[in-house]
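Spelled out from the first residue to the last, the chains are:
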Amino acid sequence: MGVFRLTYKSYGKSAILIEWPSRIDKKICEDVISFKNKILKNSAKQIIQVINTYSSLTIIYHSTINIIYDDILDLKSLYEQEVDEEITKKYRWEIPVCYDAQFGIDLEELGDENELTKSEIIELHSSTIYTVYFIGFLPGFLYLGGLDQKLHIPRKSNPRLRVEKGSVAIGGAQTGIYPSISAGGWYVIGNSPISFFNVKAKEPCFAKASDEIQFKSIGLSAYNNVQSEVEKGKYKLKKSEI
Amino acid sequence: MIRVIAPGFFTSIQDLGRLGYADIGVPNAGVMDLYSAQLANQIIGNSPSDALIEIALGKVILVFEKQTIICISGANFSAKINEKPIDLNRSVLVSKKDVLSFEKPIYGARTYVAVKGGIQTEKVLGSRSFYRGVTQQAILKKDDILPIEDWGNSKVQKNASVKIEMEHFTDRNLLVYPGPEYELLSFKQKTQLRTVLFSISSDNNRMGYRLEGVIENDLPSMLTSAVLPGTVQLTPSGRFIILMRDCQVTGGYPRVLQLSEMAINKLAQKATGDKIQFKLEV
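Keep in mind that what you see is a predicted model, and the values were worked out from it rather than measured.

This part is about the overall build of chain A. When helices and strands are tallied, chain A shows five helices and 14 strands. The C-alpha radius of gyration of chain A comes to 20 Å, within 12% of the 18 Å expected for a compact globule of 242 residues. Along the first, second and third principal axes, the C-alpha set of chain A runs to 60 × 40 × 30 Å. Taken across its 242 residues, chain A has 50% of its residues classed as buried. Looking at chain A alone, contacts between residues at least 24 apart form 65% of all its contacts between residues at least 6 apart. Of the roughly 12,200 Å² that chain A leaves accessible, carbon and sulfur atoms contribute 48%. Distance between charge centres in chain A, computed from 30 positive and 30 negative side chains, equals 5 Å.

In structure tokens:
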């Protein structure tokens, strides 16, 4: 049975957008993903892809939607149906992060703005268990929910033109890791030597929506060790089933 | 093999794109002007999913190291083989050592070189489309080698050409549908969207086209949600961005319009300073 009141809109001629109440909420996120799985399993029409975000699903069909009303009715009834959900395993991933000043180039500014010491920032950032809401922005960029309120800070008014690969950063109420070099307006507080996107791997991005992430603070020498193991393809990420 | 002698300004390999990986943040990519690319492939009997060379302006020189059949569709950049002008939208037999060159742009912004059997560069996540961060290369560079199949005994089909509609390159009107946030616009904003003749700013590329001109904007920001090629976003400054094939999969600006597929193709043939007008179909 559907839990939330959803709205359905056409999005161009071959996509439908389904919207939940617009907020960052774990329950909504779980419902979005569960409906996504239902659609992928039960859709009568051929689907190119389903994009899930915090509180929406976008279904892109192969063919043009002629009678959008019928498609929406089908989706509505699917949402209300009890379907045996295939249980996919969820994992909690431990991500090593080095908060050394050489990487955490905005630690000081963030500390000044939010009246926190460097070690308080690190403690607050690495003690939380984050939920992966969805992946977007860049290949392998995880949208993580759960950042401690004391760490919230508005995005920089002047974005950096270049943020290094692996940068761990905070923007607004969010935190995330840049999987590749990019421009970016978030406060950079550390760096992870892990690769978040690898086209050669069977799963190019190891994490998926509704998995969990925990950051583990490591020193410079541990960082270098992990980095060289990652380069050799020998590093194994720690994970536990949740 | 095709050897790149001069890569031009922005030349890449593209096919229908990388569909089905939005889940992990991977953009579609793929040919900007699907209409012209499909035409080029079709004329020489290729499959619609075969990869082609997409050229966006610049002096491009390619040398063929195998006999094959090609077709060029899309923008007219004065294509020549061994200095002799060749027709667009027609299959052309090229021999080993032939030099294909492009120079003066006559109309359009992107042209496609289809080669019999398709360009055989590496497939990454199901597609040969270049995209920085997913494929090793984002653009072609001097001395690149593009593998192609053997078509040693190729014969050109006579009359295998089509007449194209020049409207595809000259028409200012872009057919659009209301986007998910269209209804949040005021009556005045909606009217402006339909009546203003926008021009394309110099900030235009495979990711998106930023338009010149500002409209009043007091829309609240929204939670990050899906965006598609052809989505028109209204930024806080009141300027519009039309997302194109390389756009990211999610975004946070209100999505006020959605271009039709054909409008995306038409826009792909426009360049800095060109004018456009939205034709809304509700």
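Here the narrative resumes.
What follows deals with helix 2 (residues 68-80) of chain A. Residues and elements named next belong to chain A. In this model, helix 2 (13 residues) spans 19 Å end to end at C-alpha, consistent with the 18 Å of a helix rising 1.5 Å per residue. Among all positions of helix 2, only Asp71, Ile72, Leu75, Leu78 and Tyr79 are buried. Within helix 2, the buried residues cover an arc of 120° as seen down the axis, which keeps them to one side.

Here we take up the sheet that holds strand 11 (residues 145-146) of chain B. If you trace the six strands from one edge of the open sheet to the other, you get 7-6-9-4-1-11 (chain B), paired in antiparallel fashion. Taken across any chain shown, the strands that pair with only one partner, and hence form the sheet edges, are strand 7 (84-85) and strand 11 of chain B.

Right, let's get into the domain arrangement of chain B. All names here are of chain B. Here chain B is described as being made up of domain 1 (2-151 + 158-166) and domain 2 (171-280). Taking only C-alpha atoms, the centre of domain 1 and the centre of domain 2 are 27 Å apart. Each side of the interface is counted separately: domain 1 has 23 residues, and domain 2 has 17 residues. In total, about 1,500 Å² of surface goes out of reach between domain 1 and domain 2, with carbon and sulfur atoms giving 54% of it. Put simply, domain 1 and domain 2 have one salt bridge between them. Where Glu54 meets Arg206, a salt bridge forms, and the shortest distance between an N and an O atom there is 2.8 Å. On inspection of domain 1 and its partner domain 2, the count reaches twelve residue pairs in polar contact (both at pLDDT 80 or more). Put simply, the parts of the chain that give the side of domain 1 that touches domain 2 at least two residues each are helix 1 (34-43), strand 5 (68-76) and strand 10 (107-115). A per-class count over the side of domain 1 that touches domain 2 returns 13 nonpolar, seven polar and three charged.

Scoring rules and cut-offs
- Residues numbered from 1 in each chain as written.
- Chains lettered and ligands numbered in written order.
- Predicted model: local features only at pLDDT ≥ 70, side-chain atom pairs only at ≥ 80, totals over all residues.
- Heavy atoms only, no water.
- Helix = DSSP H or I, 4+ residues; strand = E, 2+ residues; numbered from the N terminus.
- Rg over C-alpha atoms; globule rule 2.2 N^0.38 Å.
- Buried < 20%, exposed > 50% of the residue type's maximum accessible area, 1.4 Å probe, protein only.
- Contact = heavy atoms within 4.5 Å.
- Areas by Shrake-Rupley, 256 points an atom, 1.4 Å probe, with all protein chains shown as cover.
- Lys, Arg positive; Asp, Glu negative; His and termini not counted.
- Charge placed at Lys NZ, Arg CZ, Asp CG, Glu CD.
- Expected span 1.5 Å × (residues − 1).
- Arc of directions from axis to C-beta.
- Pairing = 2+ DSSP bridges.
- Domains from an automatic or database assignment.
- Buried area = accessible area lost by both parts, 1.4 Å probe.
- Salt bridge = Lys/Arg side-chain N within 4 Å of Asp/Glu carboxyl O.
- Polar contact = N/O pair within 3.5 Å; in protein donor to acceptor, adjacent residues only side chain to side chain.
- Nonpolar A, V, L, I, M, F, W, Y, C, P; charged D, E, K, R; others polar.

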